[in-house]
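Here's the letter readout for the chains.
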Amino acid sequence: MQKNSFILFLLALSFLNLGCFSKAMPKAEVVTFGLEIAEDATPALVSRILKANDNPISEITFEKGTYHFYPDKGFEKFSYISNHGDLMINTPFPLFNMENLTIDGQGSTFIFHGVIIPFLIEGSKNISVKNVSIDWFQSFHSEGLIVANDAKNKTFDMQIDEKYPYYITNGELIFVKEYYQHTIGQSILYDPERKAIAFNTEAYTSITTKKKADVKRNLKNISYKYEYDRRDVGYKDIGVENRVTAEELKPGLIRIHGHTKKMPPVGFVLSMKGEQGLNRVAPAFRVTHTNGFNALNVNVHHAGGMGIIAENSSDLILDNFNVTPSQGRMVSTTADATHFVGCSGKVILKNCTFENQLDDASNIHGTYQKIVDVLDDYRVGVRMGHHQQKAFVIGQPNDNLGFVRLSNSFFAYQKSTIKSIEYINNRYQIITLNEKLPEDVKPGDLVENLDGYPDLLVQNCKIRNNRARGLLISNPVNTVIENNFFSTEMEALLIPVESGHWYESGNAANVVIKGNTFQDCQHGGKNRGVIRFDTDDDNKNIAFKNIEITNNTFNQFDNLILEVTNVDGLVFKGNTITNSGTFPQLHPNNPAIRVEASKNITLENNTYQGKAKEILETDESLTSLNFK
């Protein structure tokens, strides 16, 4: 046998042997669940999903119907979740390290019970969820109809429906749910006629439930070696006691004593969700370290937290993802409709409705972490700033890490790449870099992941009737906000640099805001602009660049439309501003536009038919600027 022929023979034999002894991977299958599991679908889902390593799944489908999910037989996992409580959580969908999976509800409704995360998605790739509505049997908030008030005696009376069970202990009103309970805590008024946050609610709510304790001795003698978070759950109630008390006048009728703001008006609905730091326990979707997530035709009617919280993930598309209340409730989700932390690639929100949630429609940002130790030429120890950022890992190997000293600039003064991150505990991690640290780096400087921001598109969405803002965006990459409708209690668009409490990183650049309608935003009572650029550091450094606000319609009851600070390069062009007359003006002395500490601002071809006595107000940085 010739040499070449012999080699070919050996190769053929080796392939034959591989074919004989290798085990072919099973083909991913479509798994269908029917209504026979509808009473509690959790155990069947968990059982099948946990076998996916050996028996892969390409699609999970449901016969159309209503399915209930209880936590008792859910997969259990401790989870640190950004902007939520950190807790042991159960889920019927433990989607860990999954790839190319579609979950199709085929028009079904999923009803959840208690503290449970419907979809827990971690370390996965190309996950799609479609054609499903998500709701809870009992809500994580409670509602009371205001039926009487007495300003002189500082009392108001609430009628509580039977669907909100309660008890009173030592004068404190406690609402009880399946697997959960809460106090009055954070609260806000809804107008049942408009089914929206009440006009000027800031004058009435939140109910002032806490005050400083009357008796305090030597608390100042307690000292801490290291910085601590005074707002963390473990510290926030030190030296604090309850201010308001509850009294039952008859079954279902509660009198509240001791509120110090204006008494809530009769006929309005008070929404109550418990104490801050304890009242975000069950988002509908939690997505982390996942590349490729799609939600199509998904309705989130309620969640004990956010509709979706996504962290350190990329390429996320929500199309017809709607957060809207059900069952006659005023409230949909008890926190943001959507929230993205450290996400990259593309983030797209299109054709969505976000309404009646108790926080922003969307919040997109990175995370600042504070340098507390410079350990050597390549290593720093960093601290998580906010108690709801515990255990957040700021980046992956080779991500670009920026060093920031906000007293000098809102932009990184130097960058390096991450070699590794050593997790010590949920507040402290050690970052090792591939390059030497900046020569002048020092404790107190901040770091941010410069790669942890997306190309953002928000298009054809309705954002209305909710507490707080429409969109809160800190994104230095690219942002397009077009053809949306906004009617929000606070700013429609807040674009900040926030370093003092939430530690939500990111300035803003390349922002296009066009073709949107803004209807009666800021009706909650805050003295702020409908669109607002702001930093929480009192300096004149530039934070925002290359902003275009064009061809929008502002139909506002109050004056202040645009509030600008720390901007270099803004065009406000072709916009129409009118006065709606919907509500009485709260701040009639404001201008329509206020500009401070900025440069390269252009105002042209705008139409103004509002009521401001002065359209434009500037500081000394732009004395020659005119409204056109």
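Here the residue numbering is sequential within each chain, running from 1 through the sequence in written order. Only residues with pLDDT of at least 70 get local features here, since the model is predicted, and only at 80 or more are side-chain atom pairs given and counted; chain-wide, interface and lining totals rely on the full set of residues. Hydrogen atoms and water are omitted, and side-chain values are computed over all heavy atoms in the structure.

(A) The overall build of the chain, seen in detail. When its secondary structure is counted, the chain shows two helices and 54 strands. Radius of gyration means the value over C-alpha atoms here, while the globule rule gives 2.2 Å times the residue count to the 0.38 power. For 628 residues, the compact-globule formula gives about 25 Å, and the C-alpha radius of gyration of the chain, at 27 Å, lands near that figure. The dimensions of the chain, computed from C-alpha atoms along their principal axes, are 105 × 65 × 55 Å. Taken over 628 residues, the chain has a buried fraction of 55%. Using a 1.4 Å probe, accessible areas were evaluated by the Shrake-Rupley method; residue-level cover was limited to the displayed protein chains. For the chain, the accessible area works out to roughly 26400 Å², and carbon and sulfur atoms hold 48% of it. His residues and chain termini do not enter the charge count, which takes Lys and Arg as positive and Asp and Glu as negative. Lys charges are placed at NZ, Arg charges at CZ, Asp charges at CG and Glu charges at CD. For the chain, the separation between the mean place of its 63 positive charges and that of its 72 negative charges on side chains is 2 Å. Strands are runs of DSSP state E lasting at least two residues, helices are runs of H or I lasting at least four, and both sets are numbered from the N terminus onward. Each residue is assigned to one of three classes by its accessible area relative to the maximum for its type, calculated with a 1.4 Å probe on protein chains only: buried under 20%, partly exposed between the two thresholds, exposed over 50%.

(B) Spatial organisation of the sheet that holds strand S30 (residues 369–374). In this analysis, strands are considered paired if DSSP registers two or more bridges between them. Spatial strand order, S30-S31-S34-S33-S32-S35: six strands in a closed barrel with antiparallel pairing. Pairs of neighbouring strands in the sheet enclose a mean axial angle of 45 degrees, with direction left out of account. In the sheet, S30 pairs with strand S31 (residues 379–384) via five bridges, with the strands oriented antiparallel. Looking at S31, one finds that isoleucine 371 is bridged to valine 382. Here the axes come from fitting lines to C-alpha atoms, over the contacting stretch only for helices, and the angles between their N-to-C directions go from 0 to 180 degrees.

(C) Here's a closer look at the nonpolar core. By size, the foremost hydrophobic cluster in this structure holds 114 residues, and its most contacted members are Phe93, Phe285, Phe293, Phe321, Phe518, Phe533 and Leu570. What makes two residues a contact is simply this: any of their non-hydrogen atoms within 4.5 Å. Apart from the residues within four sequence positions on either side, leucine 570 is in contact with Phe533, Ile547, Ile549, Leu562, Val564, Asn600, Ile601 and Thr602. Side-chain atoms within 4.5 Å link the members of a nonpolar core, which is a set of buried Ala, Val, Leu, Ile, Met, Phe, Trp, Tyr and Cys residues. Membership of the second largest hydrophobic core comes to 20 residues, among which are Leu173, Ala203, Val244 and Leu270.

(D) The arrangement of the packing of aromatic side chains in detail. Note on aromatic contacts: the rings of Phe and Tyr and the six-membered ring of Trp form a pair at centre separations within 6.5 Å, being stacked when their planes are under 30 degrees apart, edge-to-face when over 60 apart, and tilted otherwise. Within the structure shown, the criterion is met by 31 aromatic pairs. Note on phenylalanine 75 and phenylalanine 96: the rings are 5.6 Å apart at their centroids and 65 degrees apart in plane angle, and the pair reads as edge-to-face. Pair noted here: phenylalanine 75 is in strand S4 (residues 75–79) and phenylalanine 96 is in strand S6 (residues 93–96), with a separation of 21 residues, a long-range link. Ring plane angle 65 degrees and centroid distance 5.0 Å describe the contact between phenylalanine 140 and tyrosine 180, whose orientation is recorded as edge-to-face. With phenylalanine 140 in the loop between strand S9 (125–136) and strand S10 (142–150) and tyrosine 180 in strand S14 (residues 180–182), this residue pair connects regions lying 40 residues apart in the sequence.

(E) Highlighting the pattern of salt bridges. Salt bridge, as applied in this entry: a Lys or Arg side-chain nitrogen positioned within 4 Å of an Asp or Glu carboxyl oxygen. Within this structure, the stated rule accounts for 32 salt bridges. Across the salt bridge formed by arginine 532 and glutamate 491, the nearest N and O atoms sit 2.7 Å from each other. Of this pair, arginine 532 sits in strand S45 (residues 531–535) while glutamate 491 sits in the loop between strand S40 (485–487) and strand S41 (493–497), placing them 41 residues apart in sequence. Its salt-bridge partner being arginine 594, residue glutamate 617 comes within 2.9 Å of it at the nearest N-O pair. Separated by 23 residues along the polypeptide, glutamate 617 in strand S54 (residues 616–618) and arginine 594 in strand S51 (residues 593–596) bring together distant segments of the chain. One continuous salt-bridge network, built from bridges that share partners, spans Glu491, Arg528, Arg532, Asp534 and Glu563.

(F) Representation of the confidence of the model for the chain in the model. Residues with a pLDDT of 70 or more make up 96% of the chain, whose mean pLDDT is 95. pLDDT expresses how confident the predictor is about each individual residue, on a scale running from 0 to 100. Mean pLDDT in the chain bottoms out at helix H1 (residues 3–21), which sits at 42, and peaks at strand S25 (residues 314–323), which reaches 99. Note on residues 1–22: pLDDT under 50 across the span, and one contact to partners over four residues away in sequence or across chains.

(G) How the structure looks around the sheet that holds S14. Taken in spatial order, the three strands make up an open sheet running S12-S13-S14, and their pairing is antiparallel. Strands at the two margins of the open sheet, each flanked by one partner only, are strand S12 (166–169) and S14. Ignoring strand direction, the axes of neighbouring strands in this sheet form an average angle of 30 degrees. With four bridges connecting them, S12 and strand S13 (residues 172–177) associate as antiparallel partners. When the bridges of S13 are listed, threonine 169 appears paired with glutamate 172.

(H) Here's a closer look at the environment of tyrosine 368. Relative to the elements of secondary structure, tyrosine 368 occurs in the loop between strand S29 (362–367) and S30. With relative accessibility at 0%, the residue tyrosine 368 sits in the buried group. Residues tyrosine 368 and asparagine 100 lie 268 residues apart in sequence; the distance between their C-alpha atoms is 32 Å.

(I) Looking closely at the pairing of strand S5 (residues 87–91). With four of its five residues buried, S5 lies for the most part within the structure. Relative to S5, S4 is paired through five bridges, and the arrangement is antiparallel. In the sheet register, phenylalanine 75 faces S5, and the bridge partner there is threonine 91.

(J) Layout of the state of the cysteines. In what follows, a disulfide is any cysteine sulfur pair within 2.5 Å. Under the defined criterion, the tally for this structure stands at zero disulfides. The thiol of cysteine 343 is unpaired, and the distance to the nearest cysteine sulfur, on cysteine 352, comes to 15 Å. There is no disulfide at cysteine 461, and the cysteine sulfur nearest it, in cysteine 352, is 4.3 Å away.

(K) View of a nonpolar patch on the surface. Like charges are joined within 9 Å and nonpolar side chains (Val, Leu, Ile, Met, Phe, Trp, Tyr) within 5 Å, but only among residues with over 30% relative accessible area and no salt bridge; these make up the patches. Taken together, the side chains of Leu219, Ile222, Tyr224 and Ile238 define a hydrophobic patch exposed on the protein surface, amounting to about 370 Å² of accessible area. Turning to its location among the elements, leucine 219 is positioned in the loop between strand S17 (210–212) and strand S18 (240–242).

(L) Summary view of the environment of leucine 437. Among the secondary structure elements, leucine 437 is positioned in the loop between strand S34 (428–433) and strand S35 (446–449). Separated by 175 residues in sequence, leucine 437 and lysine 262 place their C-alpha atoms 54 Å apart. Discounting chain neighbours no more than four positions away, the residues touching leucine 437 are Val374, Asp376, Asp377, Tyr378, Arg379, Val380 and Phe403.

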